[in-house]
Amino acid sequence: METKLPVPRAILVGIQVPSVDDVSHAASLEELRRLVKTLGYEVIGTISQKRAGIGGETVLGKGRLQELAAITGGRGFVGSMAVARKSKAREHFEDADERKPDAPQIETDVETPLRPEFVIVDHDISPGQARNLERATGAQVLDRTGVILEIFHRHAHSREAKLQVEIARLKYVAPRLRESSGGDARQQGAGAGESDLELDRRKIRDRLAELKEQLEEIQRGNEQRRYARRDQLRVALVGYTNAGKSSLMRALTGSEVLVEDKLFATLDTTVRALQPETKPRVLVSDTVGFIKKLPHDLVASFRSTLDEALEASLLLFVVDASDPTYESQLEVSRSVLREIGAEVVPSRLLFNKIDRVSEADRATLRAKHPDAILLSAKSLQDVSGLRDTIIAFFEDAMVEDQLVLPYAKQGLLGEVHENARVLSEDFDTTGRIMKVRGLPSAIARLRRTLAAS
Ligand SMILES: Nc1nc2c(ncn2[C@@H]2O[C@H](COP(=O)(O)OP(=O)(O)OP(=O)(O)O)[C@@H](O)[C@H]2O)c(=O)[nH]1
Ligand SMILES: [Mg+2]
């Protein structure tokens, strides 16, 4: 029963504050354009303005606001609203799946083709600013966080990712409910002296508590699984969204993880064995990508997903070398990794998509980042070289030692093979004597397990 809606149109708004240079400002708007396209909206234009800050009641200055309103068909000023209505942000999130084309909030000529229904601001704006912009433009207003949350909502597949996104969305909606009431709660329609607003807030609180409980349960299960894998050889692919992490994951592990030219295609951490398999196995994980101005609630929500990365012995830090703003990608990714405490994990910098980079730019990259690996996920040879690098890293970390598996405990043989490479075996009266090679921590733990009665 799905009806095909016309492609929603959007106009982007960026404010260039004094601390931001022209290039970063343009790059941020370009990235917003890609985010909005990922949502399936058509971007019809961009309005940008230099201002001291993004405070102020409507974000834009008066003149620019009028220009914007002329495009969207709004009246160009905030004025007052006679009728209290449900916040757009709230409708947007409540009815995300059955959204209808928007009715005009202010008298506008909606028949005019090409009139954008969305104004999308490249910053996080307050619920009050959003409401004022909606009044002045007659369009639906979203900010960067709103766009990212919507993409996460659509791309979440696992139960865990869905819960994480719903928690972040509810946290985003809650303050917007408060301010959308205009400060006083609407009394009509609510029973037992409870206003709609209070009811809504209570519902959100209850729902949040319920979701968090469900999430914790899943995460307890994850912890157990992670505990079981703790001494295995682990490498994690981390980095900016669309850098090619999943492409490398596919190439290294032969798995069918999703690869798409979209932002935030991957939200779930996937773990697969490096192929062809090594002894012991090396596990590779693919993770959620980073982005500039990642909403804080999302960082918190996806922390547990990124925690997976922290447990790796090696981080493969993937950067899209063909992106002109790769340096800022690098910086953003580094700061997220610092934020989650992952900067202590050994890492290798991978400049991916090198097939799209000119020889001159490659030389610059090599000079600037002499330790980095330049590669293309599409080149079999490059991927095989990366596999060798990963294996060499673990070989360096491994040591040789001897383990004794008593005859009464032959059932633990599988665990030995899982965590170490058995080089040779001998049998005497005490049991199976094995010369093994593995990470020192894995061998120490195996020894304790085998000795335990
Ligand atoms: N030319 C070229 N394209 C690549 C390369 N690696 C990845 N791509 C393309 O880049 C796009 C993004 O790749 P993904 O592997 O999905 O990127 P990701 O880092 O997993 O992205 P998210 O999951 O969204 O964070 C896809 O269209 C890939 O085909 C490469 O080495 N060369
Ligand atoms: Mg991916």
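Note: the structure precedes this text.
Residues numbered from 1 in each chain as written. Chains lettered and ligands numbered in written order. Predicted model: local features only at pLDDT ≥ 70, side-chain atom pairs only at ≥ 80, totals over all residues. Heavy atoms only, no water.

The subject of this paragraph is the packing of helix H2 (residues 62-72) against helix H4 (residues 127-137). What describes two packed helices is the angle between their axes and the distance between those same axes. Put simply, H2 and H4 touch, their axes get as near as 8 Å, and they point 60 degrees apart. Taken together, the axis directions place H2 and H4 in an arrangement best described as oblique. Across the interface between the two elements, Leu65, Leu68, Ala69 and Thr72 from H2 touch Leu133, Ala136 and Thr137 from H4. Taken together, the residues that form the contact of H2 with H4 break down as five nonpolar, two polar and no charged. (Axes fitted to C-alpha atoms, helices over the stretch in contact; angles between N-to-C directions. Helix = DSSP H or I, 4+ residues; strand = E, 2+ residues; numbered from the N terminus. Parallel < 35°, antiparallel > 145°, perpendicular 65-115°, else oblique. Contact = heavy atoms within 4.5 Å. Nonpolar A, V, L, I, M, F, W, Y, C, P; charged D, E, K, R; others polar.)

Note that soluble globular proteins tend to have their nonpolar side chains buried in a common cluster. In this structure, Leu35, Val36, Ile120, Phe152, Phe264, Leu315 and Phe351 are the most contacted members of the largest nonpolar core, which totals 57 residues. Not counting residues up to four positions away in its chain, the partners in contact with Val36 are Ala10, Leu12, Tyr41, Val43, Ile120 and Val147. Ranked by size, the runner-up nonpolar core spans 25 residues in total, among them Leu252, Leu350, Val383 and Leu386. (Core = buried A, V, L, I, M, F, W, Y, C linked by side-chain atoms within 4.5 Å. Buried < 20%, exposed > 50% of the residue type's maximum accessible area, 1.4 Å probe, protein only.)

The next thing to look at is the layout of surface pockets. Quantified by volume, the second largest pocket comes out at close to 440 Å³. Considering the residues around the second largest pocket, the lining is formed by 24 residues, among which Asn242, Gly244, Ser247, Val259 and Lys353 are closest to the centre. Per-element accounting of the lining of the second largest pocket gives the leading share, three residues, to helix H8 (residues 245-253). Of the residues assigned to the lining of the second largest pocket, the class counts are five nonpolar, ten polar and nine charged. (1 Å grid on protein atoms, 1.4 Å probe; cavity = no way out; pocket = protein on both sides within 12 Å on 5 of 7 lines; lining within 4 Å. Points joined across faces, edges and corners; volume = space filled by probe spheres on them.)

Considering the arrangement of structural elements, one finds Ser285 in strand S7 (residues 282-286). Its relative accessible area of 0% is what places Ser285 among the buried residues. Between the alpha carbons of Ser285 and Leu274 there is a distance of 9.8 Å; along the sequence they are eleven residues apart.

Before going further, it helps to spend a moment on the sheet that holds strand S8 (residues 314-320). Here we have six strands laid out as an open sheet, ordered S6-S7-S5-S8-S9-S10, and mixed in their pairing. Every interior strand has two partners, whereas the edge strands, strand S6 (270-273) and strand S10 (373-374), have only one. Set on the sheet, H8 makes contact with strand S5 (233-239), S6, S7, S8 and strand S9 (347-352); between it and S7 the angle comes to about 155 degrees. (Pairing = 2+ DSSP bridges.)

Pairing within the open sheet is antiparallel, and its three strands lie in the order S11-S13-S12. A single partner strand is all that each edge strand has here, and the edge strands are strand S11 (399-405) and strand S12 (421-428). Each neighbouring strand pair of the sheet contributes to a mean axis angle of 20 degrees, computed without reference to strand direction.

Once that is clear, we can look at empty space enclosed by the protein. According to the stated counting rule, one finds one cavity of 30 Å³ or more in the structure shown. Lining the largest cavity, in full, are Phe152, Val288, Gly289, Phe290, Leu294, Leu298, Val299, Phe302, Leu306 and Val336. When grouped by side-chain class, the residues that make up the lining of the largest cavity number nine nonpolar, one polar and no charged.

Side-chain alternation along strand S4 (residues 140-143) places Gln140 and Leu142 on one buried face and Val141 and Asp143 on a second face that is also buried. Taking the sense of rotation as the criterion, the β-α-β connection linking strand S3 (residues 118-121), H4 and S4 turns out right-handed. (Right-handed = clockwise from strand over helix to strand, strands pointing away.)

Time to look at the packing of helix H1 (residues 22-38) against helix H5 (residues 144-155). Between H1 and H5, the shortest axis-to-axis distance is 10 Å and the interhelical angle comes to 35 degrees. Of the two possible hands of crossing, H1 and H5 adopt the one that is left-handed. For the pair H1 and H5, contact is made by Ser28, Glu31, Leu32, Leu35, Val36 and Thr38 and by Arg144, Val147, Ile148, Ile151 and His155, respectively. (Left-handed = near helix turned anticlockwise from the far one by under 90°.)

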